[in-house]
Amino acid sequence: MNLVLDIGNTTVRLAIFSKNQLIKNQLINTFSAEFLRNFLSNNPDIQNICVANTSSKKDYIFDISKEFKIRYLEVNYHCNLPIFQKYETSETLGADRLALAVGASIKYGGENLIIDLGTCITYDIILGKNYLGGQISPGLKMRLCALNHYTANLPSINFRIPKGFLGKNTKDSILIGVYEGVFGEINSIIEKYKVRYPNINIILTGGDHQIFKEKLKNINFIDPYLLIHGLNYIIASNE
């Protein structure tokens, strides 16, 4: 059994696989050494732990893995990967982007544009087994926070899908501006890559994918669990 951990900026997604079959999938708001130790005690069949960490260091995961005699693997550019990556600064390439590229390459094959809607929005191109790179931009919540932080008078607000296209008060103006801005950005990037790679698949994933999945066109696959499948594939590549 494999345990994979996607440690993001706001939450941790935990999943258990038996070979390539997803057995358990859980989103955790408060992840700690105590939680992990209890979880492993209750799941003694786990043999491997694979971690993609884009947040703060959590060295205790490695220590607890040793304690339970479980093989530990942290995704980075040193790992054996079933893809080839041509990123100029491999040491700065996020583990989440690597795992997504691996997941797309194995699950879907062919040419893929992966759009991950999370704290940041990432766009990644993988052609067959060749990862080329992509783009990073601020996500919905980050844009809302930036408007409040870098101005004197714009309020801090929580995101909700706005109604209409014209803001008649400041809160609605912000919501519509951020929502339509992200929507327009995604559509523009899809169109750009469709011109360069006419047969490319568009894969939508990430925590905010539900906000846009009905509004966006030209989406071939909606796969909220692509990253955790990628982590599981990486374990197999390092056995």
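Structure: see above.
Residues numbered from 1 in each chain as written. Predicted model: local features only at pLDDT ≥ 70, side-chain atom pairs only at ≥ 80, totals over all residues. Heavy atoms only, no water.

### Remarks on the sheet that holds strand E2 (residues 12-18)
Reading across the sheet, the 5 strands line up as E3-E2-E1-E4-E5 and stay open at both edges, with mixed pairing between neighbours. Only two strands of the sheet have a single neighbouring strand rather than two, namely strand E3 (21-28) and strand E5 (71-74). Put simply, the sheet's adjacent strands are angled 15° from each other on average, direction ignored. As judged from the 6 bridges shared by strand E1 (residues 2-7) and E2, these two strands associate in the antiparallel manner. Pairing of Val4 across the sheet is with Ala15, part of E2. Across the sheet, helix H7 (residues 226-237) is in contact with E1, E2, E3, strand E4 (48-53) and E5; its angle to E1 comes to roughly 130°. (Pairing = 2+ DSSP bridges. Helix = DSSP H or I, 4+ residues; strand = E, 2+ residues; numbered from the N terminus. Axes fitted to C-alpha atoms, helices over the stretch in contact; angles between N-to-C directions. Contact = heavy atoms within 4.5 Å.)

### Section: the pairing of E4
The buried count for E4 comes to 6 of 6 residues, which makes it a mostly enclosed element. Of the two faces of E4, the one carrying Asn48, Cys50 and Ala52 and the one carrying Ile49, Val51 and Asn53 are both buried. Examined bridge by bridge, E1 and E4 share 6 bridges and lie parallel to one another. Residue pairing for E4: Ile7 is matched across the bridge by Asn53. Strand direction decides the pairing type here: E4 and E5, joined by 4 bridges, are parallel. (Buried < 20%, exposed > 50% of the residue type's maximum accessible area, 1.4 Å probe, protein only.)

### Observations concerning the nonpolar core
Val4, Cys50, Leu231 and Ile234 are the most contacted members of the largest nonpolar core, which totals 29 residues. At the level of secondary structure, the elements contributing two or more residues to this core comprise E2, E4, helix H3 (95-107) and H7. One finds Ile121, Leu127, Leu175 and Ile190 within the second-largest nonpolar core, a separate group that totals 26 residues. (Core = buried A, V, L, I, M, F, W, Y, C linked by side-chain atoms within 4.5 Å.)

### A short note on the packing of aromatic side chains
On inspection of all chains with the given rule, the structure shows 8 aromatic pairs. The interplanar angle of 20° and the centroid separation of 6.1 Å between the aromatic rings of Phe35 and Phe39 together place this pair among those described as stacked. Taken together, the residues Phe35 and Phe39, both in helix H1 (residues 33-42) and 4 residues apart, mark about one turn of the helix. Of the residues examined, Phe35 reaches a relative accessible area of 23% and is grouped as partly exposed. Measuring from centroid to centroid gives 6.1 Å for Phe159 and Tyr179, while their planes differ by 40°, and the two rings are tilted. Within this pair, whereas Phe159 is found in the loop between helix H4 (140-149) and helix H5 (170-196), its partner Tyr179 is found in helix H5, the two being separated by 20 residues in sequence. Lying across the ring of Phe183, Lys215 places its NZ or CZ 4.2 Å from the centre. (Phe/Tyr/Trp six-rings, centres within 6.5 Å; stacked < 30°, edge-to-face > 60°. Lys NZ or Arg CZ within 6 Å of the ring centre and 35° of its normal.)

### Comments concerning the side chain of Asp124
Looking at the element boundaries, Asp124 is found in strand E8 (residues 120-127). A polar atom in the side chain of Asp124 sits 2.8 Å from the side chain of Arg97. With near-sequence residues (within four places) excluded, Asp124 lies in contact with Arg97, Asn112, Leu113, Ile114, Tyr131, Gly133 and Gly134. (Polar contact = N/O pair within 3.5 Å; in protein donor to acceptor, adjacent residues only side chain to side chain.)

### What to know about the packing of H3 against H7
Look at H3 against H7: their axes get within 7 Å of each other, and the N-to-C directions meet at 85°. Classified by the angle between their axes, H3 and H7 sit roughly perpendicular to one another. Every residue of H7 that contacts H3 at Asp96, Ala99, Leu100, Val102, Gly103, Ala104, Ile106 and Lys107 is listed here: Leu226, Leu227, His229, Gly230, Leu231, Tyr233 and Ile234. Of the residues in the contact of H3 with H7, the class split is 10 nonpolar, 3 polar and 2 charged. (Parallel < 35°, antiparallel > 145°, perpendicular 65-115°, else oblique. Nonpolar A, V, L, I, M, F, W, Y, C, P; charged D, E, K, R; others polar.)

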